[in-house]
Number of protein chains: 2
Amino acid sequence: MALEHAILVSLLEKPGSGYELARRFERSIGYFWTATHQQIYRVLRRMETDGWVDVREVPQADRPDKKEYSVAEPGRAALSSWLHEPIELESVRHDLAVKIRGAAFDDPAALIREVERHHQAHTERLTRYLAGELRDFTGPDAPTAPVPPDAGRELQHVVLRGGIAYERMTLAWLDDVLATLRRLASER
Amino acid sequence: MALEHAILVSLLEKPGSGYELARRFERSIGYFWTATHQQIYRVLRRMETDGWVDVREVPQADRPDKKEYSVAEPGRAALSSWLHEPIELESVRHDLAVKIRGAAFDDPAALIREVERHHQAHTERLTRYLAGELRDFTGPDAPTAPVPPDAGRELQHVVLRGGIAYERMTLAWLDDVLATLRRLASER
DNA sequence: CTTGTCTATGCAACGAGTTGCATAGAAGGA
DNA sequence: TCCTTCTATGCAACTCGTTGCATAGACAAG
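As the structure is a computational prediction, the values presented were derived from the model and not from experiment. (Residues numbered from 1 in each chain as written. Chains lettered and ligands numbered in written order. Predicted model: local features only at pLDDT ≥ 70, side-chain atom pairs only at ≥ 80, totals over all residues. Heavy atoms only, no water.)

## Structural notes on the relation of the copies chain B and chain A
Okay, step 1: Superposing chain B onto chain A takes a rotation of 180° plus a shift of 0.0 Å along the axis, which leaves an RMSD of 0.1 Å. Interpreted geometrically, this transformation is the action of a two-fold axis. Residue methionine 169 of chain B of chain B places its C-alpha closer to the rotation axis than any other residue of that unit, at 3.4 Å.
Okay, step 2: Looking at the interface residues of chain B, 100% of them are also at the interface in chain A, so both copies use one shared face. (Least-squares fit on C-alpha atoms with pLDDT ≥ 70 in both. Contact = heavy atoms within 4.5 Å.)

## A few points about the interface of chain B and chain A
How big an interface is tends to be reported as the loss of accessible area on association of its parts.
Okay, step 1: Chain B puts 68 residues into the contact, and the matching count from chain A is 68 residues.
Okay, step 2: Summing both sides of the interface, chain B and chain A together bury roughly 6,800 Å²; the carbon and sulfur share of this comes to 65%.
Okay, step 3: Summed over the three residues of chain B that lose the most area to chain A, namely Glu90, Arg101 and Phe105 of chain B, the buried surface amounts to 13% of that side.
Okay, step 4: At the junction of chain B with chain A, the criterion picks out six salt bridges.
Okay, step 5: Across the salt bridge formed by glutamate 13 of chain B and arginine 101 of chain A, the nearest N and O atoms sit 2.7 Å from each other.
Okay, step 6: On inspection of chain B and its partner chain A, the count reaches 31 residue pairs in polar contact (both at pLDDT 80 or more).
Okay, step 7: Contributions of two or more residues to the side of chain B that touches chain A are made by helix H1 (3-13), helix H4 (73-83), helix H5 (95-102), helix H6 (112-138) and helix H7 (151-186) of chain B.
Okay, step 8: Residue classes in the side of chain B that touches chain A are distributed as 35 nonpolar, 15 polar and 18 charged. (Buried area = accessible area lost by both parts, 1.4 Å probe. Salt bridge = Lys/Arg side-chain N within 4 Å of Asp/Glu carboxyl O. Polar contact = N/O pair within 3.5 Å; in protein donor to acceptor, adjacent residues only side chain to side chain. Helix = DSSP H or I, 4+ residues; strand = E, 2+ residues; numbered from the N terminus. Nonpolar A, V, L, I, M, F, W, Y, C, P; charged D, E, K, R; others polar.)

## Considering the environment of glutamate 57 of chain B
Residues and elements named next belong to chain B.
Okay, step 1: Mapped onto the secondary structure, glutamate 57 falls in strand E1 (residues 53-58).
Okay, step 2: Remark: the alpha-carbon pair of glutamate 57 and lysine 67, spanning ten residues in sequence, is separated by 4.6 Å.
Okay, step 3: If sequence neighbours within four positions are ignored, glutamate 57 has contacts with Lys66 and Lys67.

## Description of the protein's contact with DNA strand D
Okay, step 1: Close contacts around DNA strand D come from 24 residues, with Arg42 of chain A together with Gln38, Arg45, Gln60 and Lys67 of chain B the closest.
Okay, step 2: For DNA strand D, the backbone portion of the atoms within 4 Å of the protein, that is sugar and phosphate, comes to 60%.
Okay, step 3: Secondary structure elements with two or more residues in the surface near DNA strand D: helix H3 (37-49) of chain A together with helix H2 (18-26), helix H3 (37-49) and strand E2 (66-71) of chain B.
Okay, step 4: Taken together, the residues of the surface near DNA strand D sort by class into six nonpolar, seven polar and eleven charged. (Near = heavy atom within 4 Å.)

## Describing the protein's contact with DNA strand C
Okay, step 1: Near DNA strand C lie 23 residues; those nearest to it are Gln38, Arg45, Gln60 and Lys67 of chain A together with Arg42 of chain B.
Okay, step 2: Close to the protein, within 4 Å, the atoms of DNA strand C belong to sugar or phosphate groups at a rate of 60%.
Okay, step 3: One nitrogen or oxygen atom from the side chain of lysine 67 of chain A is found 2.6 Å from a phosphate oxygen belonging to DNA strand C.
Okay, step 4: Between DNA strand C and glutamine 39 of chain B there is a distance of 2.8 Å, counted from a phosphate oxygen to a side-chain nitrogen or oxygen.
Okay, step 5: Those elements that provide at least two residues to the surface near DNA strand C are helix H2 (18-26), H3 and strand E2 (66-71) of chain A together with H3 of chain B.

## What about the packing of helix H5 (residues 95-102) of chain A against H7 of chain B?
Okay, step 1: Contact geometry for H5 of chain A and H7 of chain B: axes closest at 8 Å, N-to-C directions at 160°. The angle between the axes of H5 of chain A and H7 of chain B places the two elements in the roughly antiparallel class. In the packing of H5 of chain A onto H7 of chain B, the handedness of the crossing is right-handed. In contact with Ala97, Ile100 and Arg101 of chain A of H5 of chain A, H7 of chain B contributes Leu155, Gln156, Val158 and Val159 of chain B.
Okay, step 2: For the contact of H5 of chain A with H7 of chain B, the per-class residue count stands at five nonpolar, one polar and one charged. (Axes fitted to C-alpha atoms, helices over the stretch in contact; angles between N-to-C directions. Parallel < 35°, antiparallel > 145°, perpendicular 65-115°, else oblique. Left-handed = near helix turned anticlockwise from the far one by under 90°.)

## Some words on the UniProt feature "domain: Transcription regulator PadR N-terminal" (unreviewed entry) in chain A
Okay, step 1: UniProt's entry tags residues 7-80 of chain A with the feature "domain: Transcription regulator PadR N-terminal" (unreviewed entry), counted in the numbering of this structure.
Okay, step 2: Note that residues 7-80 of chain A is 50% helix and 16% strand, and that its end C-alpha atoms are spaced 13 Å apart. (UniProt positions renumbered as here; feature names shortened; annotations may be inferred.)

## Considerations on the pattern of salt bridges
Okay, step 1: For the coordinates displayed, the defined rule picks out 22 salt bridges over all chains.
Okay, step 2: Here arginine 56 of chain A makes a salt bridge to glutamate 68 of chain A, at a shortest N to O gap of 2.9 Å. Here the residue arginine 56 of chain A occupies a position in strand E1 (residues 53-58), and glutamate 68 of chain A occupies one in strand E2, the gap between them amounting to twelve residues.
Okay, step 3: Judged by its relative accessible area of 49%, arginine 56 of chain A is partly exposed.
Okay, step 4: Two residues, arginine 135 of chain B and aspartate 136 of chain B, come together in a salt bridge whose shortest N-O distance is 3.2 Å.
Okay, step 5: For arginine 135 of chain B, a relative accessible area of 53% puts it in the exposed group.
Okay, step 6: The network of salt bridges with shared partners includes Lys99, Glu114 and Arg117 of chain A. (Buried < 20%, exposed > 50% of the residue type's maximum accessible area, 1.4 Å probe, protein only.)

## Looking at the packing of aromatic side chains
Okay, step 1: Inspection of the entire model under this criterion finds five aromatic pairs over all chains.
Okay, step 2: Between tyrosine 166 of chain A and tyrosine 166 of chain B, the aromatic rings sit 6.3 Å apart at their centres with planes inclined by 85°, giving edge-to-face as the arrangement. Taken together, the positions of tyrosine 166 of chain A in helix H7 (residues 151-186) and tyrosine 166 of chain B in helix H7 put the pair across two chains. Considered together, tyrosine 166 of chain A and tyrosine 166 of chain B belong to a single accessibility category, that of buried residues.
Okay, step 3: With a centroid separation of 5.9 Å and 70° between ring planes, the pair formed by tyrosine 31 of chain B and phenylalanine 32 of chain B is classed as edge-to-face. No difference in accessibility class separates tyrosine 31 of chain B from phenylalanine 32 of chain B, as the two residues are buried.
Okay, step 4: Chaining the aromatic ring pairs together yields one cluster made of Tyr31, Phe32 and Tyr129 of chain A.
Okay, step 5: Its end group placed over the ring of tryptophan 82 of chain B, lysine 99 of chain A keeps NZ or CZ at 5.4 Å from the ring centre. (Phe/Tyr/Trp six-rings, centres within 6.5 Å; stacked < 30°, edge-to-face > 60°. Lys NZ or Arg CZ within 6 Å of the ring centre and 35° of its normal.)

Written out as structure tokens, the structure reads:
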């Protein structure tokens with residue numbers, strides 16, 4: 001299980017509330033990990049009782065008060081020891097691929113719309129990632145590379161490049177899928 | 001939830017026992033879905049009580065007897081209706097990316113070995129996929145394209161191409177990660 | 001002034017997935 | 001003979017993840 005570790009990393013990058021974490025998981029962290037606010041709140045409470053994180057009540061004027069979490073020393077140690085143990089290869093769960101193979105026993109043409117929908121969603125994700133890259137890393141307004149270079153930014157960037165590569169690969173594959181489905185549809 | 005549907009697809013392609021399904025999930029189906037034998041047996045029993053699959057006791061001489069499952073009409077109908085409803089975008093859980101961003105708060109150089117290990121594992125997967133493609137689809141011994149073309153084979157092939165594209169993209173990204181980690185390690 | 005939206009947190013129930021263990025027939029090697 | 005390996009199936013306990021629902025303050029629109 002690594003949700004705890006993903007939260008630790010996010011809190012080390014910047015302390016925040018459960019709500020804020022949930023939003024980060026929808027955005028920047030979203031391209032390699034997903035979690036709902038329920039999960040996050042539950043895990044945060046467990047981490048708090050384990051002493052991995054500190055809490056600070058932050059009163060806010062124009063919106064409900066929040067609890068700001070930050071990483072405590074035991075949390076940092078837990079992350080460090082996790083970083084030093086080997087992990088499993090990521091495992092894939094790709095519903096769409098199940099559908100594509102299943103289409104052989106149904107109507108392949110009926111899948112075209114669905115695949116187009118996924119294509120569009122991935123296009124939007126790619127656009128979002130590229131905008132983020134321009135803003136934070138390669139654009140004119142991006143913080144210039146400091147000397148000594150910032151390892152954190154470099155590593156965030158290489159992970160983002162992974163997200164971008166994944167989306168590009170997926171889009172190319174979906175084009176291949178669409179071409180195959182259309183060929184099969186026209187051949188009957 | 002789609003494990004049921006993945007099992008239905010696999011049983012439509014070829015009936016088999018729970019044990020055989022578990023092995024298929026380690027191999028060809030493995031590049032878009034994973035499942036342990038526990039999960040498979042449990043779901044098979046549920047599908048049997050729901051009437052989605054038929055069972056046939058197959059006595060075997062040189063090994064324990066087995067139960068061969070095949071898809072019944074209600075199962076086929078359930079698959080068909082699932083194929084016609086939209087599904088969520090696949091969600092990613094990439095532990096390695098968490099580690100990479102976490103390395104900023106630890107020692108980036110210590111990650112190099114781990115990333116190399118992943119690189120090697122993905123190389124092996126790619127080799128396996130390519131061998132499978134050669135054997136089943138593009139090699140000289142592969143069944144020649146029949147007329148009319150076999151939609152099932154075409155769709156299996158396009159899914160396999162997706163697996164191959166994923167592995168190639170991942171390997172290229174891991175090279176990028178390694179270059180970044182090595183640069184950071186040498187710069188201190 | 002009610003309705004809706006955004007921030008912010010949480011409970012309860014359920015279903016999915018993992019881990020550890022157990023059984024058992026058949027085969028082959030030490 | 002005992003040990004291991006492969007085939008084949010399964011139980012029990014636990015953790016993780018999802019879904020539905022609930023509360024509540026602040027603000028804006030109708």
